Amino acid sequence: MLAMGSSAWVGIILFSLAALCSCFATEVTYDANALIINGERRLIFSGSIHYPRSTVEMWPDIIQKARDGGLDAIESYVFWDRHEPVRREYDFSGNLDFIKFFKLVQEAGLYAILRIGPYVCAEWKYGGFPLWLHNMSGIELRTDNSVYKNEMQIFTTKIVDMVKEANLFASQGGPIILAQIEND
């Protein structure tokens with residue numbers, strides 16, 4: 001048997017894990033009539049759980065109750081005002097850790113729907129927009145306005161990059177089968 005150094009074994013293990021993860025990727029497509037998951041037409045029963053409205057400790061029980069109630073997907077908005085209360089100062093701690101939330105959804109065996117916003121229609125103050133956004137010179141919210149679109153792109157790109165880094169999209173083996181930009 002050939003002797004290998006520890007770095008060679010680490011490389012083999014990492015390669016094996018990467019190959020294993022790719023086996024669990026979910027293919028999500030659609031046609032005019034249905035969402036198609038791994039080649040099977042699916043009707044998804046989804047319910048909303050907004051992670052900042054409860055404590056981290058409550059999440060597993062709430063998610064399990066949703067599953068027990070017959071849901072196969074959990075959807076949640078990402079709340080811009082909570083994550084960026086001050087321009088370019090982000091908070092993803094505690095009950096704002098949406099990455100942890102979606103990992104718990106996956107652990108429960110459910111799909112997820114990521115609603116990035118930036119506008120949210122969830123009986124949430126100011127539609128989830130951070131107050132600093134309103135005070136920007138020349139801004140017109142939810143329009144074809146370059147100031148608004150630039151801020152929106154920065155925030156949504158940050159969220160998408162975080163989700164990709166955590167391998168939460170279905171194509172990466174994660175639970176997120178759909179993602180939505182804007183509310184309507």
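Throughout, a residue's number is its position along its own chain's written sequence, starting from 1. Where local features are concerned, this predicted model is filtered to residues with pLDDT of at least 70; where side-chain atom pairs are given and counted, the filter is 80 or more; whole-chain, interface and lining totals use all residues. By convention in this description, side-chain values take in all heavy atoms of the structure and omit both hydrogens and water.

1. Considering the sheet that holds strand β6 (residues 111-117)
Put simply, the rule reads: Two strands qualify as a pair provided that DSSP identifies no fewer than 2 bridges between them. Helix and strand definitions here come from DSSP, where helices need a minimum of 4 consecutive H or I residues and strands a minimum of 2 consecutive E residues; each element is numbered from the N-terminal end. All axes are obtained by fitting lines to C-alpha atoms, using only the stretch in contact for helices, and the reported angles, taken between N-to-C directions, cover 0 to 180 degrees.
Strand order in the open sheet formed by 4 strands is β4-β5-β6-β7, and the pairing between neighbours is parallel. Only two strands of the sheet have a single partner each, and these edge strands are β4 (46-48) and β7 (176-181). Taken pair by pair, the neighbouring strands of this sheet meet at an average axis angle of 20 degrees, ignoring direction. Bridging between β4 and strand β5 (residues 73-77) involves 3 bridges; their strand directions are parallel. By the bridge assignment for β5, Ser46 is matched with Ala73.

2. Concerning the packing of helix α2 (residues 59-68) against helix α4 (residues 98-107)
Note the threshold: Angles are sorted into four bins: roughly parallel if under 35 degrees, roughly antiparallel if over 145, roughly perpendicular if 65 to 115, and oblique for all others. Each crossing gets its handedness from the near helix: less than a right angle anticlockwise from the far helix is left-handed, clockwise is right-handed. What makes two residues a contact is simply this: any of their non-hydrogen atoms within 4.5 Å. Each residue gets one label: Ala, Val, Leu, Ile, Met, Phe, Trp, Tyr, Cys and Pro are nonpolar, Asp, Glu, Lys and Arg are charged, and the others, such as Gly, are polar.
Packing of α2 against α4 leaves a shortest axis separation of 10 Å and a crossing angle of 40 degrees. In terms of axis orientation, α2 runs oblique to α4. Handedness of the crossing formed by α2 with α4: right-handed. Mapping the contact onto sequence places Trp59, Pro60 and Ile63 in α2 and Lys100, Phe101, Leu104 and Val105 in α4. Looking at side-chain class alone, the contact of α2 with α4 contains 6 nonpolar, no polar and 1 charged residues.

3. Describing the pattern of salt bridges
Definition in use: Counted as salt bridges are all cases of a side-chain nitrogen of Lys or Arg within 4 Å of a carboxyl oxygen of Asp or Glu. Remark: exposure states derive from per-residue accessible area (1.4 Å probe, protein chains only) relative to the maximum for the residue type, with buried under 20%, exposed over 50%, and partly exposed in between.
Taken as a whole and judged by the stated rule, the model has 9 salt bridges. When the shortest N-O distance is used, the salt bridge between Glu151 and Arg87 registers 2.6 Å. One end of the pair, Glu151, is in helix α6 (residues 146-165); the other, Arg87, is in the loop between α3 (80-83) and α4, and 64 residues separate them in sequence. Here Arg87 falls in the partly exposed class, since its relative accessible area comes to 40%. In this structure, Arg88 and Glu151 form a salt bridge, with 2.8 Å as the shortest nitrogen-oxygen distance. Of this pair, Arg88 sits in the loop between α3 and α4 while Glu151 sits in helix α6; the two residues are 63 residues apart in sequence, bridging distant segments of the chain.

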